[in-house]
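Residue-level structural notes
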Amino acid sequence: MCVWLALLIIVGAFGARDALFFGVALLYLNLVCADQQSGLSRLLRLFGLVLLAAVSLVKVTFAIAAVSACAAAAFCGQRSLAARIAPLAGYAMLVAVFWVLSGQRLIDLGGFFLSSLPIVSGYSEAMGLDSDIRKLALFSGVAVATLVSVLALPGARHDRIGRMIGVSALLFLAFKAGFVRSDFHVFIASSFLAMVAVLYWIARPRLWGAILVGGAWLSVAATLSYMWTPADAARTLGRHIAAQARGLAAMASGRWDYTSTFNERMASLRVKNPLPPISGDVDCYSVGQTVIFANGLKWNPRPVFQSYSAYTPGLARLNAEHLGGHDAPTNLLLRIEPIDERLPALEDGLSWPEMLARYKPAELIGTRLHLIRRDDPARIEWHPLGSRQEQFGDWVTIPDVASLVWVEVDVDATRWGLVRGLLYKPVRLGVDIHYAESLPEAHYRYLAAVGRAGFLISPMVTSARDFRELTKLETGDKVDLPRAARFRLDVEDADLNKVKKHFSVRFYNLKLAWPR
């Protein structure tokens, strides 16, 4: 148990809180499979179910983990049908209770989970980074060995099957949470694997279990070495333990003042990000909404309030429609800041025509452009410039028109590409931009799902200052921005059999008709 507690401290210290939530599902599954009927065991199972229901409203991934644990628990024990479905039924009831207690309408609960599905389904393509094959191989090897060990535990066949199904599902979720991003997120996967290994070693402390625990801890150490040197890791762990101790002592003595701490942090942010007085509500693009709170402004968020997460056509369309609706914000603070070297026009790019048509520039505030909603918006017009089939690796010529060129690109995965995307992550795509001017070619990360909805391909806009230049379209002044002459799509890991060789391209001349 000391080893388990040490692991929990390390997981918390290095920020892998997702692993802790997966650990709640793991502990609940084992409490049910143990099938002990003492009063304490029943109380612990109820407490575990309450925790699962509570964290399910924090993040949909946790809800998937909770349902997996409850469903696997149905296989455990010699129980009646009613007793087998009781965990799932109780879980669903508790989720509904927490939803209502949070001030929501019960009728909206289903919509909450359904609306979260695009975020889950589009995550792998949009957020995937290159993986370290050594960490991937180490995790996979220890995970498979751990699952074999779980299946070999003593007990009835149905108990072992239930544990095997539940642990497999939770390890898969932890694997996806860690190895899609393949940065510090890998610590989520490795630390949860260590939890699993330690738990079943405690249940059956033999040499094989000790070897698995050692392998799991080696996976944790390998992940930490990616982020910190041993000295830095030790200092981080020490600071975490000291901070937690101070916090617990302050709360126990009643000296912890949440309001003062919050106000101090807001004041610090306000000094770093000062804003002039702004009348009306505000939204902030692409991220960095804390600047709104720090300056005492009223936030009017879009449906997907961080632009890097609007990574499916449906999500991008929700944000664009919000700007065209009656409840759109009066002010926008725009800073174009793509993550992972993405093509800048893919970051909420479907909202750009709405911004140009419905907002006017006020001033540049540092690296942010302040836009104010118009009383008389322009009409957005789409004039087709042709469509054609192209293939990966070939240059695609962009129509040479004086105004804005919009493009929609339909890239489809092969059958193996779909399987890879489900079990791991889709292949990474890139786009090369060749300028009409004498500028060096640019290379960016490309997202096929966002490209299907469309984006501005020419002129090239990479900053708030560039976007302000676009607003000259209203006055007819020359827009001094580099124009793209052609582009080329490529598969960055050379795995061409995971995407179809040919893709379709549709070009439009995007025009804004201003009221007279």
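What counts, and at which threshold
- Residues numbered from 1 in each chain as written.
- Predicted model: local features only at pLDDT ≥ 70, side-chain atom pairs only at ≥ 80, totals over all residues.
- Heavy atoms only, no water.
- Salt bridge = Lys/Arg side-chain N within 4 Å of Asp/Glu carboxyl O.
- Helix = DSSP H or I, 4+ residues; strand = E, 2+ residues; numbered from the N terminus.
- Buried < 20%, exposed > 50% of the residue type's maximum accessible area, 1.4 Å probe, protein only.
- Disulfide = S-S within 2.5 Å.
- Pairing = 2+ DSSP bridges.
- Axes fitted to C-alpha atoms, helices over the stretch in contact; angles between N-to-C directions.
- Phe/Tyr/Trp six-rings, centres within 6.5 Å; stacked < 30°, edge-to-face > 60°.
- Lys NZ or Arg CZ within 6 Å of the ring centre and 35° of its normal.
- Expected span 1.5 Å × (residues − 1).
- Contact = heavy atoms within 4.5 Å.
- Parallel < 35°, antiparallel > 145°, perpendicular 65-115°, else oblique.
- Nonpolar A, V, L, I, M, F, W, Y, C, P; charged D, E, K, R; others polar.

**Some thoughts on the pattern of salt bridges**
This model, assessed by the stated rule, comprises 18 salt bridges. In this structure, arginine 506 engages glutamate 408 in a salt bridge whose closest nitrogen and oxygen atoms are separated by 3.0 Å. Of this pair, arginine 506 sits in strand E12 (residues 502–513) while glutamate 408 is found in strand E7 (residues 404–410), placing the two residues 98 residues apart along the sequence. Arginine 506 sits in the partly exposed class, given a relative accessible area of 22%. Assessed through its relative accessible area of 17%, glutamate 408 is described here as buried. A network of salt bridges, in which partner residues are shared, links Glu408, Asp410, Asp412, Arg452 and Arg506.

**Focus on the state of the cysteines**
A complete count under the given rule lists one disulfide for this structure. The disulfide partner of cysteine 33 is cysteine 76, and the S-S distance across this bridge is 2.1 Å. Pair noted here: cysteine 33 is in helix H2 (residues 17–34) and cysteine 76 is in the loop between helix H4 (60–73) and helix H5 (81–101), with a separation of 43 residues, a long-range link. Judged on exposure class, the residue cysteine 33 and its partner cysteine 76 are both buried.

**Describing the sheet that holds strand E2 (residues 331–334)**
The four strands lie next to each other as E1-E2-E4-E3, forming an open sheet whose pairing is mixed. The outermost strands of the open sheet, each flanked by one partner alone, are strand E1 (282–285) and strand E3 (359–365). The average undirected angle you get between the axes of adjacent strands in this sheet is 25 degrees. Pairing between E1 and E2: four bridges, direction parallel. Bridge pairing in E2 places aspartate 283 opposite leucine 332.

**Concerning the pairing of strand E11 (residues 484–491)**
Examined bridge by bridge, strand E6 (residues 396–397) and E11 share two bridges and lie antiparallel to one another. Residue pairing for E11: valine 396 is matched across the bridge by phenylalanine 487.

**So, the packing of aromatic side chains**
Per the counting criterion, the structure on display carries 16 aromatic pairs. Arranged with centres 5.3 Å apart and planes meeting at 75 degrees, the rings of phenylalanine 392 and phenylalanine 503 form a pair that is edge-to-face. With phenylalanine 392 in the loop between strand E5 (379–391) and E6 and phenylalanine 503 in strand E12, this pair connects stretches of sequence that are 111 residues apart. Put simply, the rings of Phe21, Phe22, Phe62 and Phe192 pair up and form one aromatic cluster. Over the face of the ring belonging to tyrosine 285 we find arginine 302, whose NZ or CZ atom lies 3.7 Å from the ring centre. Over the ring of tryptophan 395 we find arginine 486, and its NZ or CZ is 4.6 Å from the ring centre.

**Some details on the pairing of E12**
Look at any regular strand and the pattern is simple: side chains alternate between the two faces of the sheet. Pairing analysis gives 12 bridges linking E5 to E12, with the strands arranged antiparallel. Paired with arginine 379 across the two strands is alanine 513, which belongs to E12. Bridge analysis of E7 against E12 gives seven bridges, and the strand direction is antiparallel. Bridge assignment links tryptophan 406 to a residue of E12, and that residue is tyrosine 508.

**Some remarks on unusual backbone geometry**
Across the junction of tyrosine 285 and serine 286, the peptide omega takes the value 0 degrees, indicating a cis bond. Of note, serine 286 is situated in the loop between E1 and helix H13 (290–294). Cis geometry marks the peptide bond from serine 458 to proline 459, where omega comes out at 0 degrees. Located in the positive-phi region is glutamate 341, a residue other than glycine, with phi close to 60 degrees. As for its placement among the helices and strands, glutamate 341 is situated in the loop between E2 and helix H15 (352–358). Exposure remark for glutamate 341: the relative accessible area of 65% places this residue in the exposed category.

**What to know about the sheet that holds strand E10 (residues 455–458)**
The four strands lie next to each other as E5-E12-E7-E10, forming an open sheet whose pairing is antiparallel. The sheet terminates laterally at E5 and E10, the two strands that pair on one side only. Pairs of neighbouring strands in the sheet enclose a mean axial angle of 35 degrees, with direction left out of account. Looking at chain direction, E7 and E10 are connected through three bridges and run antiparallel. Paired with valine 407 across the two strands is phenylalanine 455, which belongs to E10.

**A closer look at helix H3 (residues 39–56)**
Compared with the 26 Å implied by 1.5 Å per residue over 18 residues, the 26 Å span of H3 between its first and last C-alpha is a close match. Here H3 has its buried residues at Ser41, Arg45, Gly48, Leu49, Leu52, Ala53, Val55 and Ser56. If you follow the buried residues of H3, they end up packed against H2, H4, H5 and helix H6 (109–127).

**Observations concerning the packing of H4 against H5**
In contact at an axis separation of 8 Å, H4 and H5 are set at 150 degrees when each is read in the N-to-C sense. One finds that H4 runs roughly antiparallel with respect to H5. When H4 is examined against H5, the residues Ala63, Ala66, Val67, Cys70 and Ala71 are found in contact with a partner set consisting of Pro87, Leu88 and Tyr91. Here the contact of H4 with H5 is built from residues that sort into eight nonpolar, no polar and no charged.

**What to know about helix H7 (residues 133–151)**
With 19 residues, H7 ought to run about 27 Å at 1.5 Å a step, and its terminal C-alpha atoms sit 27 Å apart, in line with that. Within the sequence span of H7, burial applies to Lys135, Leu136, Phe139, Val142, Ala143, Ala145, Thr146, Leu147, Ser149 and Val150.

Don't take any of this as a statement about function, it's just geometry.
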